[in-house]
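Now for the letters of each chain:
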Amino acid sequence: MDTTMFLLLLCTVLLSWSNVQGQSLGEIKKFQTQKFLKIKNKLPGCNMQNDIADLKDLLVSVKEELNEMKTEFMKEIKAMLKDTKEEKLSKKKVSTNQAKNKCADALYFRGGNTFEYAKSVSRRPGLVADERSSSSSGAPEEGLNAMTSCFWIKTLKRSDAPNVLSYAIPERDNEITIYLLPNVTLLLKTKAGTSFYPQDLGIWVSDGKWHHVCITWENIHGTLQAYKDGVLRNSRTGFKPGAPIAPHGMWIIGQDQDRYGGGFQLNNAFHGSLTQVNVWNRVLDASEISTLAKQCGTGMAGNYRAYSDFVPYGGIQKITPSCCEQ
């Protein structure tokens, strides 16, 4: 392309640019606009040979201005991203605090004594209604043909056989006993004069961390299952089939009843924290247990015995937020 054609093309572009200066030049600083118009006015007949250098200067100025705008824009974007991140962290912190506030208090047992325990006497008027159970509110308390017991536990084993939950009736002790030996162990007597064999459930929890434990049993086939942190860890059949657990007994957390409501021994005193100790008169399914293990200490209460039924004695310390502190 010769010089004449180049200048003609450049003149055409320049004139087109000037026609839309209200749009394109509106974002350029005033001194740049004036400089551009000065160059344009010096082009009679599109004779631009002497003004190409000025046009180049203008383009350099525009480029510098765009770079400045880009820099400012990136600063604003980074600031917005930072604010968004801080806002998300703030919301997460609030959500965590709200979850902690929903947690039930835990009972902290010092161990090595016989005076710290929580007690719930059998509620003879009736069971709490449960949509999955055949029992209804107001009916006399019945024996247990099936059972689920769940609890949150945090402990470092300090005694020979610390007791988590004990159920005894006036006629005999050890109707139900859940203790650590060192694994979580279940003992059922169910009939006077019958032998009983502790069932090691293969669950170890004495690591100083919070764990969720559920034990289910039914007396048709004697099916016994044990869950740790929502996961099935042990399952067997043939354990105490055919005999129900007797009603109208006393439930104790933290001590072993060697007689109805008493007979506590130092080596059976629980040391650590317990919360959400609940008992149902049915076998909870795996999905229900998995949900309970994710609810940070609050959730479905036992319909046969609820954690809120237990009254602490002996100066037991209450800990908050309990199992939220994983």
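Look above for the structure.
Residues numbered from 1 in each chain as written. Predicted model: local features only at pLDDT ≥ 70, side-chain atom pairs only at ≥ 80, totals over all residues. Heavy atoms only, no water.

**Focus on the pattern of salt bridges**
Should their charged atoms come close, side chains of opposite charge can pair.
And then number 1: Tallied over the full model, the rule gives 4 salt bridges.
And then number 2: Of the charged contacts, one joins Arg-110 and Glu-116 as a salt bridge, the two residues approaching to 2.6 Å between their closest N and O atoms.
And then number 3: Residue Arg-110 is classed as partly exposed on the basis of its relative accessible area of 43%.
And then number 4: A salt bridge links Arg-282 to Glu-288, with the shortest nitrogen-to-oxygen separation between them at 2.9 Å. (Salt bridge = Lys/Arg side-chain N within 4 Å of Asp/Glu carboxyl O. Buried < 20%, exposed > 50% of the residue type's maximum accessible area, 1.4 Å probe, protein only.)

**Focus: the pairing of strand β10 (residues 231-236)**
And then number 1: With 5 bridges joining them, strand β9 (residues 223-228) and β10 adopt antiparallel strand pairing. Bridge assignment links Lys-228 to a residue of β10, and that residue is Val-231.
And then number 2: Counted between consecutive antiparallel strands, the loop separating β9 from β10 contains 2 residues, among which Asp-229 sits at a positive phi close to 55°. (Pairing = 2+ DSSP bridges. Helix = DSSP H or I, 4+ residues; strand = E, 2+ residues; numbered from the N terminus.)

**Observations concerning the nonpolar core**
And then number 1: Membership of the largest hydrophobic core comes to 39 residues, with the highest contact counts inside it found for Ile-153, Val-164, Leu-165, Ile-176, Val-184, Leu-186 and Leu-274.
And then number 2: The element best represented in this core is strand β4 (residues 163-169), accounting for 4 residues.
And then number 3: Those residues in contact with Val-184 that sit more than four places away from it in its chain are Ile-178, Tyr-179, Gln-199, Asp-200, Leu-201, Gly-202, Ile-203, Val-205, Val-213 and Ile-215.
And then number 4: Membership of the second largest hydrophobic core comes to 7 residues, among which are Cys-150, Tyr-227, Trp-280 and Ile-289. (Core = buried A, V, L, I, M, F, W, Y, C linked by side-chain atoms within 4.5 Å. Contact = heavy atoms within 4.5 Å.)

**Concerning the sheet that holds strand β13 (residues 311-313)**
And then number 1: Here 7 strands make up an open sheet; going across it, the order is β7-β6-β5-β4-β11-β2-β13 and the pairing antiparallel. Each edge of the sheet is formed by a strand with only one pairing partner; in this case those strands are β7 (199-200) and β13.
And then number 2: Bridge analysis of β4 against strand β5 (residues 172-180) gives 5 bridges, and the strand direction is antiparallel. Bridging from a neighbouring strand, Leu-165 pairs with Ile-178 of β5.

**Some remarks on the sheet that holds strand β1 (residues 106-109)**
Two strands in a sheet stick together by hydrogen bonds in their backbones, pointing the same way (parallel) or opposite ways (antiparallel).
And then number 1: Strand order in this open sheet of 7 strands is β10-β9-β8-β3-β12-β1-β14, and the pairing throughout is antiparallel. The sheet terminates laterally at β10 and β14 (317-319), the two strands that pair on one side only. Each neighbouring strand pair of the sheet contributes to a mean axis angle of 25°, computed without reference to strand direction. (Axes fitted to C-alpha atoms, helices over the stretch in contact; angles between N-to-C directions.)

**As for the side chain of Glu-175**
And then number 1: With respect to the helices and strands, Glu-175 occurs in strand β5.
And then number 2: On the accessibility criterion, Glu-175 (0% relative accessible area) is buried.

**Focus: unusual backbone geometry**
And then number 1: Note the cis peptide between Leu-181 and Pro-182, where omega equals -15°.
And then number 2: Looking at the element boundaries, Pro-182 is found in the loop between β5 and β6 (184-188).
And then number 3: The backbone phi angle of Asp-229 is positive, close to 55°, even though this residue is not glycine.
And then number 4: Relative to the helices and strands, Asp-229 is located in the loop between β9 and β10.
And then number 5: Of note, the phi angle at Gln-276 is positive, near 50°, even though the residue is not glycine.
And then number 6: Examined against the element boundaries, Gln-276 turns out to sit in strand β12 (residues 272-280).
And then number 7: For Gln-276, a relative accessible area of 14% gives the class buried.

**Points about the pairing of β6**
And then number 1: With 5 of its 5 residues buried, β6 lies for the most part within the structure.
And then number 2: Across the two faces of β6 the burial is the same, with Val-184, Leu-186 and Leu-188 and Thr-185 and Leu-187 all buried.
And then number 3: Note: β5 against β6, 5 bridges, orientation antiparallel. Pairing of Ile-176 across the sheet is with Leu-188, part of β6.
And then number 4: Count of turn residues in the β5/β6 antiparallel hairpin: 3 residues.
And then number 5: Bridge count for β6 against β7 is 2 bridges, and the pairing is antiparallel. Counterpart to Thr-185 in the pairing with β7 is Asp-200.

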